[in-house]
Amino acid sequence: MAKKKNITQEKLIEWYMNTVLISGKPQSVFAFAQQNNFDEGEFYKNFSSFESLEKAIFQVFAKETIHMLHKTEAYKDYSSKERLLSFYFTFFELLTANRSYVLSQLKNSKMDFSKLSVLKGLREEFKVFVGGISLEKIDFKNERINKIQDKTIVESYWFQLLMILKFWLEDESPNFEKTDVFIEKTIKASFDIQQIAPVKSVVDLAKFLWKEKMTMV
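Just so it is clear, the model here is predicted, and its values are computed rather than measured.

Cut-offs and rules
Each residue is numbered by its place in its chain's sequence as written, counting from 1. Given that this is a predicted model, residues contribute local features only at a pLDDT of at least 70 and side-chain atom pairs are listed and counted only at 80 or more, while totals for whole chains, interfaces and linings are drawn from all residues. Note: side-chain values were computed over all heavy atoms of the structure, leaving out hydrogens and water. Strands are runs of DSSP state E lasting at least 2 residues, helices are runs of H or I lasting at least 4, and numbering of each runs from the N terminus. Buried means the residue's accessible area, taken with a 1.4 Å probe over protein chains only, is under 20% of the maximum for its type, while exposed means over 50%, and partly exposed covers the values in between. Note on areas: these come from Shrake-Rupley sampling with a 1.4 Å probe, and a residue is covered only by the protein chains present in the view. Here a residue-residue contact requires only that any non-hydrogen atoms of the pair lie within 4.5 Å. Helix axes are fitted only over the stretch in contact, all axes being lines through C-alpha atoms; the angle between N-to-C directions runs from 0 to 180 degrees. In these notes the angle categories are as follows: under 35 degrees is roughly parallel, over 145 is roughly antiparallel, 65 to 115 is roughly perpendicular, and the rest is oblique. Two helices that cross are described as forming a left-handed crossing if the nearer one is turned anticlockwise from the farther one by less than a right angle, and a right-handed crossing if clockwise. Buried residues of nine kinds, namely Ala, Val, Leu, Ile, Met, Phe, Trp, Tyr and Cys, make up a nonpolar core once their side-chain atoms join them within 4.5 Å. His is not counted here, nor are the chain ends, while Lys and Arg score as positive and Asp and Glu score as negative. Within this document, salt bridges are pairs made up of a side-chain nitrogen of Lys or Arg and a carboxyl oxygen of Asp or Glu, the two lying within 4 Å of each other. For this scheme, ten residues count as nonpolar: Ala, Val, Leu, Ile, Met, Phe, Trp, Tyr, Cys and Pro. Four count as charged, namely Asp, Glu, Lys and Arg, and the remainder, Gly too, count as polar. Put simply, two rings from Phe, Tyr or Trp (the six-membered ring, in Trp's case) pair if the centres are within 6.5 Å, and we call them stacked under 30 degrees between planes, edge-to-face over 60, tilted for the rest. When the NZ atom of lysine or the CZ atom of arginine is within 6 Å of a ring's centre and also within 35 degrees of its normal, the charge is said to sit over that ring.

Asker: Would you mind going over the overall build of the chain with me for this structure?
Answerer: Tallying secondary structure elements over the chain gives ten helices and zero strands in all. Beginning at the N terminus, the succession of helices and strands in the chain can be written as α-α-α-α-α-α-α-α-α-α. Within the chain, buried positions represent 41% of all 217 residues. Approximately 13,000 Å² of the chain is accessible, and the part contributed by carbon and sulfur atoms is 55%.

This is the structure in structure tokens:
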């Protein structure tokens, strides 16, 4: 049988995810190529290693989320809060559709997610997204301080995404309904803090987390 040619990144990602779930991580690129009937060199036209491919998978999740949002006619009129909520809901729907693979990559990790190299591509895409949704900021009339503020805001929302991701990985509710609730409460709390609003929603979020922690013990 003739070897497959013109292999795309999308095809390699699809084959890799299927291989990992069915038989585990391939022992080598050569074995992976043989299993899927293409020349090893075709792999290296797209990725330098399995590690770079794994990073690309989570980056693709973010890119596809953003692409889907921009296809929604009403999205351009959304507030920054609505855009962030839409990103989270769409992103976790996409993760849910690929939950088995995501669990295989993240579930048993004892590391802080922020230090996982496999999420590097996701982090880059998410930071660009957050930087472009016009979050409310304070103008300190100082360029250096404003840049520090921008960086702090982006990093805080990246931490928020990781926090939701950890919650979703442990969520055992039907259709991950508790994750939806957690997203809504987390976003409301973060925007209330940002606007220096009353802390009722922050307390509400804390109560929810405490309740969930106690039920998981």
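Asker: Help me understand the side chain of Thr179 in this model?
Answerer: With respect to the helices, strands and loops of the structure, Thr179 is situated in helix α9 (residues 177-194). Residue classification places Thr179 among the buried residues on the basis of a relative accessible area of 2%. Apart from residues lying up to four places away in sequence, Thr179 is in contact with Ile164, Phe167, Trp168 and Asp171.

Asker: It is not clear to me how the packing of helix α4 (residues 50-70) against helix α5 (residues 80-97) should be interpreted in this structure. Could you clarify?
Answerer: When two helices pack together, their arrangement is given by the angle between the helix axes and the distance between those axes. The interhelical angle for the contact between α4 and α5, taken along N-to-C directions, is 125°, at an axis separation of 9 Å. Here α5 runs oblique to α4, going by the angle between their axes. The two elements α4 and α5 meet at a crossing, and its hand is right-handed. Touching Phe61, Ala62, Glu64, Thr65, Ile66, Met68 and Leu69 of α4 are Arg83, Ser86, Phe87, Thr90, Phe91, Leu94 and Leu95, all from α5.

Asker: Help me understand the nonpolar core, please; the structure alone is not making it clear to me.
Answerer: Across soluble globular proteins, nonpolar side chains have a tendency to be buried as a group. Judged by nonpolar contacts, the single largest core of 60 residues is most densely connected at Tyr88, Leu106, Leu119, Phe126 and Phe129. With eleven residues, the top contributor of residues to this core is helix α8 (residues 143-170). Leu106 has contacts with Phe58, Phe113, Leu116, Val118, Leu119, Leu165 and Leu169, leaving out every residue within four places of it along the chain.

Asker: Hey, could you run me through the side chain of Arg99 in this one?
Answerer: Position of Arg99 among the secondary structure elements: in helix α6 (residues 99-106). Lacking a salt bridge, the buried Arg99 has Asp171 as its closest oppositely charged neighbour, with an N-O distance of 7.0 Å. Discounting chain neighbours no more than four positions away, the residues touching Arg99 are Trp168, Leu169, Asp171 and Phe176.

Asker: Help me understand the packing of helix α1 (residues 9-23) against α4 in this model?
Answerer: For the pair α1 and α4, the least separation of the axes is 10 Å and the interaxial angle reads 105°. Judged by the angle between their axes, α1 and α4 are roughly perpendicular. Across from Leu12, Ile13, Tyr16 and Met17 in α1, the residues of α4 making contact are Phe50, Leu53, Glu54, Ile57, Val60 and Phe61. Residue composition of the contact of α1 with α4, grouped by class: nine nonpolar, no polar and one charged.

Asker: Looking at this model, I keep getting lost on the pattern of salt bridges. Mind explaining?
Answerer: Opposite charge on two side chains allows them to pair when their charged atoms are near. Taken as a whole and judged by the stated rule, the model has nine salt bridges. Across the pair Lys76 and Glu73 runs a salt bridge, and its minimum N-O distance is 2.8 Å. Pair check on accessibility: Lys76 and Glu73 agree, each one exposed. Here Glu155 ties to Lys127 by a salt bridge, and the two come within 3.6 Å at their closest N and O atoms. Residue Glu155 is located in helix α8, and its partner Lys127 is located in helix α7 (residues 120-131); the two are separated by 28 residues in the primary sequence. Among the residues examined, Glu155 registers a relative accessible area of 26% and is labelled partly exposed. According to the relative accessible area criterion, Lys127 is partly exposed, its value standing at 29%. Within the structure, one salt-bridge network assembled from shared partners comprises Lys3, Lys5 and Asp39.

Asker: Quick question: what am I supposed to make of the packing of aromatic side chains here?
Answerer: The relative placement of two aromatic rings is captured by the distance of their centres and the angle of their planes. Counting across every chain of the model gives 24 aromatic pairs. Members of the aromatic cluster, connected to one another through ring pairs, are Phe87, Tyr88, Phe91, Phe92, Phe126, Phe129, Trp158, Trp168 and Phe176. Lying across the ring of Tyr75, Arg83 places its NZ or CZ 4.8 Å from the centre. The ring of Trp168 carries the charged tip of Arg99 above its face, separated from the ring centre by 4.4 Å.

Distances and angles like these do not, on their own, reveal function.
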